[in-house]
Amino acid sequence: MTTWLQAWTPSDGAARVTALFTSSFPELGDGVGGVSAPSGVWAAPGRVNLIGEHTDYNGGLCLPIALEHRTFVALRPRTDSRVRLVSGQTDQAWEADLDTLIEDGAHGWGTYVAGVAWALREAGLDVPGFDAAVTSCVPFGAGLSSSAAIEAAVAVALDQVAGLGLISSDEGRRQLVEACIRAENEVAGAATGGMDQAASLRSAEGFALALDCLDNSVHLEPFAPVGYELLVIDTRAPHSLNDGQYASRRATCDAAAARLGVPTLRHWLDRYDANQTDLAVAEAMTALTALTALTALTEETERHRVRHVLTEIARTREAWSLMRAGDWPAFGALMDASHESLRLDYEVTVGELDTAVAAARAAGAVGARMTGGGFGGSAIALVPEGTTAQVAAAVHEAFAQAGFGAPAFLVSRAAGPAGAVTVPASTTS
Ligand code: ADP
Ligand code: MG
């Protein structure tokens, strides 16, 4: 029996989170109908990255889509600087004061929320304290970016209640992305790149987000793989980006770039790749660049890490062209190559991810790879339409054979970005 994670509809999510808000803050009983009511409900998606992994913090390219699975927030501003939070995913209510958040050494899940308000204030914006409830159908710690989803949902909520006006333009959304990144890096203490927040805030329904992390420019590329479906496999293997593995990969890349005398590894690639005109040349250049970089780096592990980053950026560029051309079998082959590079060179896969990918391929997927930071989390497979259930069953069976716990599955189209779900006019103040 395979387990499927369904996305909540906007009205279902709004009803759940409003009920949680109302029951958690009963003393705010001056809303519509005498019960406590939030100023509105906002939601933001989780994401899967199609290709381009561990490239964001190296100034590279990535190609995520927003998921139909979202985190919902019901929020109401306060007249002071306090933040009070409840979540449908944990029993632990959370409280802090924005004025003293850092000095007080705030920790726990609320840092992903209060951190966004803190970062907006750091950027000079006038953001009040607030009461909020959150709840989500994005699985927690599954590599589908529940962290960026909670941050982005709060960011758009605060944008609206504080009248910042940032969500109405891509430039404004970019500022919200920055606040979410600062919240995650500096307040929650997770050294993640910027892909997740950009995917949640700057994508568009029906499009993949081609994100160039060198200058944070985005290009929206239609994502409609005719004849195929995107199967997401949540391995449910324990996953943590806070345990130092992610930070250590990041530190290795930073040190390698410093040794090569460039600000990021992307700059190194671009030295050789600047005038590329077609893919065959790009591939040759990538090989050359990789080799040159490798000889300049004396330590074997470091050479492998760098090789992954350089080749992954080249693969992502090529995958983007293949997406535009609608060549999904060739796109799938690059997904496979990406996984192998993450397994052998970057060493961020685990048995569950490798098993999911191998079983999906054997059951007919045209491509499969881990997605997100790795060390657990999720894999994706591009499967011929009509075979999704069968591929999922094969993965489920392979997990049982290997003695792993049962995985969970979801399918998603490319969904829209963070925004308002309901904003009752009577309570927006
Ligand atoms: P991922 O982003 O892949 O789901 P992370 O480890 O980056 O995994 O982020 C998960 C963390 O984000 C959780 O441990 C929790 O602190 C916070 N979080 C995300 N969603 C929620 C939620 N709905 N309620 C409470 N905390 C959440
Ligand atoms: Mg995360």
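Cut-off values and rules
Residues numbered from 1 in each chain as written. Chains lettered and ligands numbered in written order. Predicted model: local features only at pLDDT ≥ 70, side-chain atom pairs only at ≥ 80, totals over all residues. Heavy atoms only, no water. Helix = DSSP H or I, 4+ residues; strand = E, 2+ residues; numbered from the N terminus. Buried < 20%, exposed > 50% of the residue type's maximum accessible area, 1.4 Å probe, protein only. Contact = heavy atoms within 4.5 Å. Areas by Shrake-Rupley, 256 points an atom, 1.4 Å probe, with all protein chains shown as cover. Lys, Arg positive; Asp, Glu negative; His and termini not counted. Charge placed at Lys NZ, Arg CZ, Asp CG, Glu CD. Pairing = 2+ DSSP bridges. Axes fitted to C-alpha atoms, helices over the stretch in contact; angles between N-to-C directions. Phe/Tyr/Trp six-rings, centres within 6.5 Å; stacked < 30°, edge-to-face > 60°. Lys NZ or Arg CZ within 6 Å of the ring centre and 35° of its normal. Core = buried A, V, L, I, M, F, W, Y, C linked by side-chain atoms within 4.5 Å. Near = heavy atom within 4 Å. Polar contact = N/O pair within 3.5 Å; in protein donor to acceptor, adjacent residues only side chain to side chain. Nonpolar A, V, L, I, M, F, W, Y, C, P; charged D, E, K, R; others polar. Expected span 1.5 Å × (residues − 1). UniProt positions renumbered as here; feature names shortened; annotations may be inferred. pLDDT = per-residue confidence, 0-100.

Asker: I tried to follow the overall build of the protein chain on my own but got confused; where do I start?
Answerer: On a plain count of helices and strands, the protein chain comes out with twelve helices and 14 strands. Within the protein chain, buried positions represent 56% of all 429 residues. Of all intrachain contacts in the protein chain linking residues separated by at least 6 positions in sequence, the fraction that spans at least 24 positions is 73%. Approximately 16200 Å² of the protein chain is accessible, and the part contributed by carbon and sulfur atoms is 53%. Between the averaged position of the 28 positive side-chain charges in the protein chain and that of its 50 negative side-chain charges there is a distance of 2 Å.

Asker: Is there a simple way to think about the sheet that holds strand β10 (residues 228-234) in this case?
Answerer: For sheets, the rule is that strands pair by backbone hydrogen bonds, running either parallel or antiparallel. The strand order β1-β13-β10-β12-β11 describes an open sheet built from five strands, whose pairing is mixed. Unpaired on one side and paired on the other, β1 (3-4) and β11 (367-371) mark the two borders of the sheet. The pairing of β10 with strand β13 (residues 408-411) spans four bridges and is classified as antiparallel. By the bridge assignment, L231 is partnered in β13 with V411. In this fold helix α11 (residues 351-362) packs onto β10, β11 and β12 (378-384), with an angle of close to 165° to the strand it touches most, β11.

Asker: What is the right way to read the packing of aromatic side chains from this model?
Answerer: How two aromatic rings sit relative to each other is given by the distance of their centres and the angle of their planes. On inspection of all chains with the given rule, the structure shows seven aromatic pairs. Seen from the ring of W8, R16 lies directly overhead, with NZ or CZ sitting 4.1 Å from the centre.

Asker: Sorry if this is basic, but what is going on with the nonpolar core here?
Answerer: Most often, soluble globular proteins have nonpolar side chains that are buried together. Among the nonpolar cores identified, the biggest contains 43 residues, and V73, F130 and L158 are the most heavily contacted of them. Where this core is concerned, the elements lending two or more residues are β2 (40-49), β4 (64-77), β5 (82-87), β6 (90-97), α2 (111-122), β7 (130-136), α3 (146-161) and α4 (170-187). Setting aside its immediate chain neighbours within four residues, L158 contacts L75, V116, A117, L120, V127, F130, G163 and L164.

Asker: Just to check I follow, could you spell out the site of ligand 1 for this structure?
Answerer: Ligand 1 sits among 17 residues. The nearest are S87, Q89, G141, S146 and S147. For ligand 1, an oxygen atom lies 2.6 Å from a polar atom in the side chain of S146. Within the side chain of S147, a nitrogen or oxygen atom sits 2.9 Å from an oxygen atom of ligand 1. Protein coverage of the free-state accessible area of ligand 1, which is 560 Å², stands at 88%. Residue assignment for the shell around ligand 1 shows that the elements contributing at least two residues are β7 and α3. For the shell around ligand 1, the leading source of residues is α3, giving three residues. Residue composition of the shell around ligand 1, grouped by class: eight nonpolar, nine polar and no charged.

Asker: What's the story with the pairing of β13 in this structure? I'm lost.
Answerer: Remember that side chains alternate between the two faces of the sheet whenever the strand is regular. Relative to β13, β1 is paired through two bridges, and the arrangement is parallel. Looking at the pairing, W4 lines up with F409 of β13.

Asker: So what exactly am I meant to see when it comes to the side chain of E221 here?
Answerer: In this structure, E221 sits in strand β9 (residues 217-222). Among the polar contacts made by the side chain of E221, one reaches the side chain of W320 at a distance of 2.8 Å. Setting aside chain neighbours within four positions, we find E221 in contact with G206, F207, A208, W320, M323 and R324.

Asker: Is there a simple way to explain α3 in this structure?
Answerer: Residue pairs spaced three or four apart in an α-helix point in one direction, given the helix's 3.6 residues per turn. Look at α3: 23 Å from first C-alpha to last across 16 residues, which is about the 22 Å you get at 1.5 Å a residue. α3 sits mainly inside the fold: 14 of its 16 residues count as buried. Of the residues one or two after α3, G163 is the one with positive phi, at around 65°.

Asker: Looking at this model, I keep getting lost on the UniProt feature "domain: Galactokinase N-terminal" (unreviewed entry) in the protein chain. Mind explaining?
Answerer: Taken from the UniProt record, the annotation "domain: Galactokinase N-terminal" (unreviewed entry) applies to residues 36-77. Segment residues 36-77 splits into 0% helix and 62% strand. End C-alpha atoms: 13 Å apart.

Asker: Any chance you could explain the UniProt feature "domain: GHMP kinase N-terminal" (unreviewed entry) in the protein chain here in plain terms?
Answerer: Here, the residues flagged by UniProt with the feature "domain: GHMP kinase N-terminal" (unreviewed entry) are residues 112-201. Its end C-alpha atoms 15 Å apart, residues 112-201 is made of 58% helix and 8% strand.

Asker: Just to check I follow, could you spell out the sheet that holds strand β14 (residues 419-422) for this structure?
Answerer: Sheet architecture is open: six strands sit in the order β6-β5-β7-β4-β2-β14, paired in mixed fashion. Two strands bound the open sheet, and with one partner strand each, they are β6 and β14. Ignoring which end each strand starts from, the neighbouring axes of this sheet average 25° apart. For β5 and β7, the ladder comprises five bridges, and the chain directions are parallel. When the bridges of β7 are listed, S87 appears paired with V134. Running over the sheet, α3 touches β2, β4, β7 and β14 and is turned about 145° from β2.

Asker: Explain the confidence of the model for the protein chain to me, please; I cannot follow it from the model alone.
Answerer: In regions of low pLDDT, the predicted coordinates are not meant to be interpreted in detail. On average, residues of the protein chain score 92 in pLDDT, and 93% of them are at 70 or above. Across the assembled chains, the prediction reports ipTM 0.99 with pTM 0.93.

Asker: Teacher, can you tell me more about unusual backbone geometry here?
Answerer: For residues other than glycine, phi is negative in most cases, and the peptide bonds are mostly trans. Positive phi values are uncommon outside glycine, yet H54 reaches one of about 60°. Mapped onto the secondary structure, H54 falls in the loop between β2 and β3 (61-62). Assessed through its relative accessible area of 3%, H54 is described here as buried. The backbone of S145 sits at a positive phi, close to 65°, despite the residue not being glycine.

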